[in-house]
Structures are given as C-alpha cells and as structure tokens.
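# Survey of secondary and tertiary structure
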Amino acid sequence: MGELPFTIDQFLQVFSTYNQAIWPVQLFAYLLGVASLYLIAKQKETTDIWVNLILGAFWLWMGGVYHITFFSDINTAAYLFGSLFLLQGVGFLILNGSKVKFTYVFRSDIYGIVGTVFIIYGMLIYPLLGYGMGHIYPQSPVFGVAPCPTTIFTFGLILHTNGKVSTWLLIIPGLWSLIGFSAAFRLTIYEDMGLVVAGILGVALLVYRNYKQGGRPVYSPKIRKKGMST
C-alpha cells in the first residue's frame, strides 16, 4: 500500500479551511438530511423527486466544492474523485426523469433496520465518535458536505426503498467506501470504519434484494402502494 501524498495534519487543515469557508452550509445540509427523512415518512407524491434532489445536491456539492476546490490542494487525485462524485450527483437527478425507478419508503425488515443504523451513524454517531477521538470542528468531516458520513447516509436512504436499485447507482458510493476508508484508516480517522461497513454491507444487501426480486425494475407509482412488501 503506497504512501499518501499528504499528512494527517494537512488533511485536517483542509477540513478546517473548508468548514470555515462554507459556513453555515453545514446547517443547511443537516436540515436537508432531516427534510429527506420527513419526506419519506410523509409519503407524498413528490417524495422521491425531492429526496433524489437532496442526495443529488449533496454529491454535486462534495464533488465540486470539497474535492475539486479544496481537497485538490493536497491531493491531485481529488480531481478524479470530484468527477466521480459529480457523476453520482447527476445520477440521482437523472432518476427523476426516468420512468423506471425505486421509491423511498421506511421499511421494517432487515434492509430498513440496517438502513436506519447507517442513517443514525452518518448523522449522529459519526460526529460523536470523531469528537471523542479528538477530531473537533472545524477540523472534522461534517454530514452533508463531507464524503464519508454522507456516503454512509446515502446507503441508509437507498436501503429504505422499494423496487430494484440499478447497480450503476451503487458503484461510485461502493468504490468510495473502500478508497475513503483506506486513506482515513491510515490517517487514524477511525470513525470511518463505519464507511467500509456501509459500503460492503449496503451493496451486498441491495444486490441480494435485486436478485430476490428478479426481472426488470418495477414502475414507481405501483411500488409505493405496496409499502414494505418487497
């Protein structure tokens, strides 16, 4: 495993500079995260559209602002990471124009239980663990604007869906869960252990669920009426 092109101090300094530069976007990000959960709970006709817009906004922001604008100062690979994140963000937006899609709905089965754990971890447990390990704001990743906690949250929401989830939507978050965890582990950002768990377990569960359902993806208007039957 090769050496990273930056030190832990440089890595944390990027977060410090980034968090101070974008304040108070972090607050809006948390509000959007809570809003996505509220929308799923209320089950409106526009729930899927808004949740996809929120996830898309998270990934577009992280790609363009965090990776390309800030992280690239210490790691040229950030341009590649940023491009992938931008692509993922566009992917969520494209879902709103697709006839075949999954729908967001809170599930009470194993997928929903694991998804809920990921959501709570990304929004609450992650920053608490980071604080306990000395990663104190502004030198810390923040939900909604930093890749690792937001990727965990993304897997959490996708597990709370009905219908087949296209494999292409899982590739970039899955890859980042391995890349991000590998780098963070060597930098002693141990709260990111949840990232690799979310990536491996999230992808495995969703691929298995797709396999169980078989056939083609189901049209979204019919899925919502079925609740948690799939």
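Below or above, wherever it landed, is the structure these notes cover. All of these numbers come straight from a predicted model, not from anything done at the bench.

Cut-offs used in this document
- Residues numbered from 1 in each chain as written.
- Predicted model: local features only at pLDDT ≥ 70, side-chain atom pairs only at ≥ 80, totals over all residues.
- Heavy atoms only, no water.
- Patch = residues over 30% accessible without salt bridge, like charges linked within 9 Å, V, L, I, M, F, W, Y side chains within 5 Å.
- Areas by Shrake-Rupley, 256 points an atom, 1.4 Å probe, with all protein chains shown as cover.
- Salt bridge = Lys/Arg side-chain N within 4 Å of Asp/Glu carboxyl O.
- Helix = DSSP H or I, 4+ residues; strand = E, 2+ residues; numbered from the N terminus.
- Phe/Tyr/Trp six-rings, centres within 6.5 Å; stacked < 30°, edge-to-face > 60°.
- Buried < 20%, exposed > 50% of the residue type's maximum accessible area, 1.4 Å probe, protein only.
- Lys NZ or Arg CZ within 6 Å of the ring centre and 35° of its normal.
- 1 Å grid on protein atoms, 1.4 Å probe; cavity = no way out; pocket = protein on both sides within 12 Å on 5 of 7 lines; lining within 4 Å.
- Points joined across faces, edges and corners; volume = space filled by probe spheres on them.
- Nonpolar A, V, L, I, M, F, W, Y, C, P; charged D, E, K, R; others polar.

## Here we look at a nonpolar patch on the surface
Judged by side-chain polarity, Ile 120, Leu 124, Ile 125, Leu 129, Met 133, Phe 185, Tyr 190 and Met 193 come together as a nonpolar surface patch covering roughly 690 Å² of accessible area. If one sorts the elements of the nonpolar patch by residue count, helix 5 (residues 110-132) sits on top with 4 residues. Within the element layout of this structure, Met 133 appears in the loop between helix 5 and helix 6 (147-159).

## A few points about the packing of aromatic side chains
Aromatic ring pairs are described here by two measures, namely the spacing of the ring centres and the angle between the planes. Applying the stated rule across the entire model yields 18 aromatic pairs. With centroids separated by 5.2 Å and ring planes inclined at 75 degrees, the aromatic side chains of Phe 81 and Trp 176 adopt a geometry described as edge-to-face. Within this pair, whereas Phe 81 is found in helix 4 (residues 78-95), its partner Trp 176 is found in helix 7 (residues 168-186), the two being separated by 95 residues in sequence. Like Phe 81, the residue Trp 176 is buried in the burial classification. The aromatic ring of Tyr 111 is capped on one face by Arg 209, whose charged end is 5.4 Å from the ring centroid.

## Regarding the layout of surface pockets
Estimated volume of the largest pocket: approximately 250 Å³. What lines the largest pocket is a set of 25 residues, and nearest its centre among them are Phe 11, Phe 71, Trp 176, Gly 180 and Ala 183. Of all elements in the fold, only helix 1 (8-22), helix 3 (47-70), helix 6 and helix 7 reach the threshold of two or more residues within the lining of the largest pocket. The leading source of residues in the lining of the largest pocket is helix 7, at 6 residues. Class assignment of the residues belonging to the lining of the largest pocket gives a composition of 20 nonpolar, 3 polar and 2 charged.

## Observations regarding empty space enclosed by the protein
The final tally for this structure, using the stated rule, is 1 cavity of 30 Å³ or more. Counted as a void, the largest cavity has a volume near 50 Å³. The wall of the largest cavity is formed by Phe 81, Leu 84, Phe 85, Ile 172, Leu 175, Trp 176 and Ile 179. Counting only elements with at least two residues in the lining of the largest cavity, the list comes to helix 4 and helix 7. Sort the elements by how many residues they give to the lining of the largest cavity and helix 7 lands first, with 4 residues.

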